[in-house]
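# Structure assessment
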Amino acid sequence: MTNFDEAVYEVLRKVPRGSVTTYKNIANALNTKAYRRVGTSLKNNPYAPEVPCHRVVKNDGSIGGFMGHISGSTITKKIELLKSEGVEVINGKVVDFGKICWRG
DNA sequence: GCGCTTATCGCAC
DNA sequence: GTGCGATAAGCGC
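Residues numbered from 1 in each chain as written. Chains lettered and ligands numbered in written order. Predicted model: local features only at pLDDT ≥ 70, side-chain atom pairs only at ≥ 80, totals over all residues. Heavy atoms only, no water.

## Comments concerning the protein's contact with DNA strand C
Around DNA strand C, the surrounding shell holds 13 residues, and the nearest of these are K24, R37, C53, N59 and G65. For DNA strand C, the fraction of protein-proximal atoms (within 4 Å) that sit in sugar or phosphate groups is 48%. The separation between a base nitrogen of DNA strand C and a polar side-chain atom of R37 is 2.5 Å. Here N59 contributes a backbone N or O atom positioned 2.7 Å from a phosphate oxygen of DNA strand C. For the surface near DNA strand C, the secondary structure elements donating two or more residues are helix 2 (23–29) and helix 3 (35–44). Here the residues of the surface near DNA strand C sort into six nonpolar, three polar and four charged. (Near = heavy atom within 4 Å. Polar contact = N/O pair within 3.5 Å; in protein donor to acceptor, adjacent residues only side chain to side chain. Helix = DSSP H or I, 4+ residues; strand = E, 2+ residues; numbered from the N terminus. Nonpolar A, V, L, I, M, F, W, Y, C, P; charged D, E, K, R; others polar.)

Structure representation (structure tokens):
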């Protein structure tokens, strides 16, 4: 896999609606440890609707979002979308995260 | 229990 | 060749 990004998108696309995954989970799926690279690749997000970067959260269930820029423009709106899918996000954290945590 | 530091991997400059 | 970045885990206080 030359394109790390593409691999991330592919894995993320496998995540079913109403579930969330973590950077570590994706990195693990890719058999790598570049947790940070995963998010950075999601930042590019050329497959916006197909690669829901908002569906990816930290290993703790917190959105993390953008080094703390969350409240303002990026993730916040998408959180509402997540709630529409069945993923409830409160205070920037996924509810029942450990239950909807998707794992390959 | 909370906070800070170190470790890790790939990509861009 | 060096630095940086949507994290993670460990150690310290």
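Picking up where we left off.
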